[in-house]
Amino acid sequence: MHRVVITGLGARTSVGLSVDQMWDGLTNGRSGVSPVRSFEQDDRWDVRIAGEIHDFDPTSELDVSERKRMDR
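Residues numbered from 1 in each chain as written. Predicted model: local features only at pLDDT ≥ 70, side-chain atom pairs only at ≥ 80, totals over all residues. Heavy atoms only, no water.

**A look at the overall build of the protein**
1) Next: Helix and strand counts for the protein come out as two helices and two strands.
2) Next: Principal-axis analysis of the C-alpha atoms gives the protein an extent of 55 × 35 × 25 Å.
3) Next: Out of the 72 residues belonging to the protein, those deemed buried represent 8%.
4) Next: Put simply, of all contacts in the protein between residues at least 6 apart along the chain, 21% involve residues at least 24 apart. (Helix = DSSP H or I, 4+ residues; strand = E, 2+ residues; numbered from the N terminus. Buried < 20%, exposed > 50% of the residue type's maximum accessible area, 1.4 Å probe, protein only. Contact = heavy atoms within 4.5 Å.)

**Brief notes about the pattern of salt bridges**
1) Next: Under the defined criterion, the tally for this structure stands at three salt bridges.
2) Next: Ionic pairing is found between Arg 30 and Asp 24, a salt bridge with its closest N-O pair at 3.0 Å.
3) Next: We classify Arg 30 as partly exposed; its relative accessible area is 41%.
4) Next: With relative accessibility at 37%, the residue Asp 24 sits in the partly exposed group. (Salt bridge = Lys/Arg side-chain N within 4 Å of Asp/Glu carboxyl O.)

**Looking at the side chain of Glu 52**
1) Next: Note on placement: Glu 52 falls in the loop between strand E2 (49-50) and helix H2 (64-69).
2) Next: Looking at Glu 52, its side chain comes within polar contact range of the side chain of Ser 38, at 2.3 Å.
3) Next: Other than its neighbours up to four places away in sequence, Glu 52 contacts Ser 14, Gly 32, Pro 35, Val 36, Arg 37, Ser 38 and Arg 72. (Polar contact = N/O pair within 3.5 Å; in protein donor to acceptor, adjacent residues only side chain to side chain.)

**A few points about unusual backbone geometry**
1) Next: Backbone geometry places Asp 55, a non-glycine residue, at a positive phi of 65°.
2) Next: Residue placement: Asp 55 occurs in the loop between E2 and H2.
3) Next: By relative accessible area, Asp 55 is classed as exposed at 73%.

**What to know about the environment of Ser 18**
1) Next: In this fold, Ser 18 is placed in the segment before helix H1 (19-27).
2) Next: By relative accessible area, which is 26% here, Ser 18 ends up partly exposed.
3) Next: As for Ser 18 and Ser 60, which are separated by 42 residues in sequence, their C-alpha atoms are 14 Å apart.
4) Next: A distance of 3.1 Å separates a polar atom in the side chain of Ser 18 from the backbone nitrogen of Gln 21.

Here it is, written out as structure tokens:
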């Protein structure tokens, strides 16, 4: 028997930027998939839809060194 301790919850998804938003989106059947908006689409790209995370500001949660190590 292993003990598990949950110390917190967090979510940054294409359905919501918090656990409550994500859960509400999932239980109400909202899709996080939409046409790509974060970069220009042209004939090089076969895929035109994605589960992008919109309206997330990493400066509010991550320091400069963390942001430099992460992809968009």
